[in-house]
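Here's the letter readout for the chains.
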Amino acid sequence: MNHLPRLFADYLTLWRDIVRFPRQVLLNRSHSIASITAIGGFCAVDLLIAHPFATAVTYLALAVFVPSAIVSVAGSVAHSLWDRGLIWADIECEWCGDDPDDDGPDDALGPEDPDDPHGLIREIKAYLSDQHTLALTR
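Residues numbered from 1 in each chain as written. Predicted model: local features only at pLDDT ≥ 70, side-chain atom pairs only at ≥ 80, totals over all residues. Heavy atoms only, no water.

**Let's talk about the overall build of the protein chain**
To keep things clear, this is the line we draw: Where helices and strands are cited, they refer to DSSP runs of H or I of at least four residues and of E of at least two residues respectively, numbered from the N terminus. Summary of the burial criterion: residues with accessible area below 20% of their type's maximum are buried, those above 50% are exposed, and those between are partly exposed, where the area comes from a 1.4 Å probe applied to protein chains only. In this analysis, two residues are considered to be in contact whenever any of their non-hydrogen atoms come within 4.5 Å of each other. Per-residue accessibility takes into account occlusion by the displayed protein chains alone, with areas from the Shrake-Rupley method and a 1.4 Å probe.
The helix and strand inventory of the protein chain stands at 5 helices and 0 strands. Traced from its N-terminal end to its C-terminal end, the protein chain shows the element sequence α-α-α-α-α. For the protein chain, the residues scored as buried account for 20% of the 138 residues in total. Across the protein chain, the fraction of contacts at a sequence separation of at least 24, relative to all contacts at a separation of at least 6, is 61%. Approximately 11000 Å² of the protein chain is accessible, and the part contributed by carbon and sulfur atoms is 63%.

**Focus: the packing of aromatic side chains**
Quick note on the threshold: In this scheme Phe, Tyr and Trp rings, the latter by its six-membered ring, pair at centre separations within 6.5 Å, and the angle between planes marks the pair as stacked below 30 degrees, edge-to-face above 60, and tilted otherwise.
Taken as a whole and judged by the stated rule, the model has 2 aromatic pairs. Where Y11 meets W15, the ring centres are 6.2 Å apart and the plane angle is 75°; that geometry is what we call edge-to-face. Of the two residues, Y11 and W15 both sit in helix α1 (residues 6-20), 4 residues apart, roughly one turn of that helix. Of the residues examined, W15 reaches a relative accessible area of 31% and is grouped as partly exposed.

**Observations regarding helix α2 (residues 22-29)**
With 6 of 8 residues buried, α2 lies mostly within the body of the structure. The complete set of buried residues in α2 reads Q24, V25, L26, L27, N28 and R29. Looking at the buried residues of α2, the elements they touch are α1, α3 (34-48) and α4 (52-83).

**Let's talk about a nonpolar patch on the surface**
The criterion, for reference: Residues forming no salt bridge and having over 30% relative accessible area are the ones grouped into patches, like charges within 9 Å of each other and nonpolar side chains (Val, Leu, Ile, Met, Phe, Trp, Tyr) within 5 Å. In the sections that follow, a salt bridge refers to a side-chain nitrogen of Lys or Arg positioned within 4 Å of a carboxyl oxygen of Asp or Glu.
Nonpolar side chains collect at one region of the surface, where I36, V73, V77, L81 and L86 lie side by side and expose about 430 Å² of accessible area between them. Sorting elements by how many residues they give to the nonpolar patch places α4 first, with 3 residues. Looking at where L81 falls in the secondary structure, it is placed in helix α4.

**Overview of α1**
Under the convention used in this document: In this scheme, a helix's expected span is set at 1.5 Å multiplied by one less than its residue total.
In this model α1 runs 21 Å from its N-terminal to its C-terminal C-alpha over 15 residues, within 8% of the 21 Å that 1.5 Å per residue would give. All of the buried residues in α1 are A9, L14 and D17. Lining the buried residues of α1 we find α2 and α4.

**Brief notes about unusual backbone geometry**
One non-glycine residue, W88, adopts positive backbone phi at about 50°. Positionally, W88 belongs in the loop between α4 and α5 (120-130). What makes W88 partly exposed here is its relative accessible area of 22%.

**Details of the packing of α1 against α4**
Keep this limit in mind: Where helices are involved, their axes are fitted lines through C-alpha atoms of the stretch in contact, as for all axes, and angles between N-to-C directions lie from 0 to 180°. Working rule for angles: under 35 degrees goes down as roughly parallel, over 145 as roughly antiparallel, 65 to 115 as roughly perpendicular, anything else as oblique. Working rule for handedness: look at the near helix, and if it is turned counterclockwise from the far one by less than a right angle, call the crossing left-handed; if clockwise, right-handed.
As a packed pair, α1 and α4 sit with axes 12 Å apart at the nearest point and diverge in direction by 50°. In terms of orientation, α1 and α4 fall into the oblique class. The hand of the α1/α4 crossing is left-handed. Facing Y11, L14, W15 and I18 of α1, the residues of α4 in contact are V64, P67, S68 and V71.

Structure follows, in structure tokens:
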């Protein structure tokens, strides 16, 4: 799947992973509205353009995106039940939970304190002081 476009790879991964990890896929899929947006877009184009080609493309889009949209809607229902603590207390939603790289509230952008031993200015000064240059003589 490394050589497929991202849209197709994500679509195939959804159907592969829903069999392996159904609870996690449902929780994560609740945050994705791309398939529902695509269905609405194709239906709107079909309403605006009265051409048999537009209708055929819309039917094809419905065949492709409706199963994904059903998973998204089911995921939204499951996510709301999970958020209330009624189901699946043993797993976390990857979108709602803390980022694994998040080390606390200090990630917000703000002015750096020059006296902070871990500040960006100190790191830059330490990096520059450790750099050695080679001098060429002729």
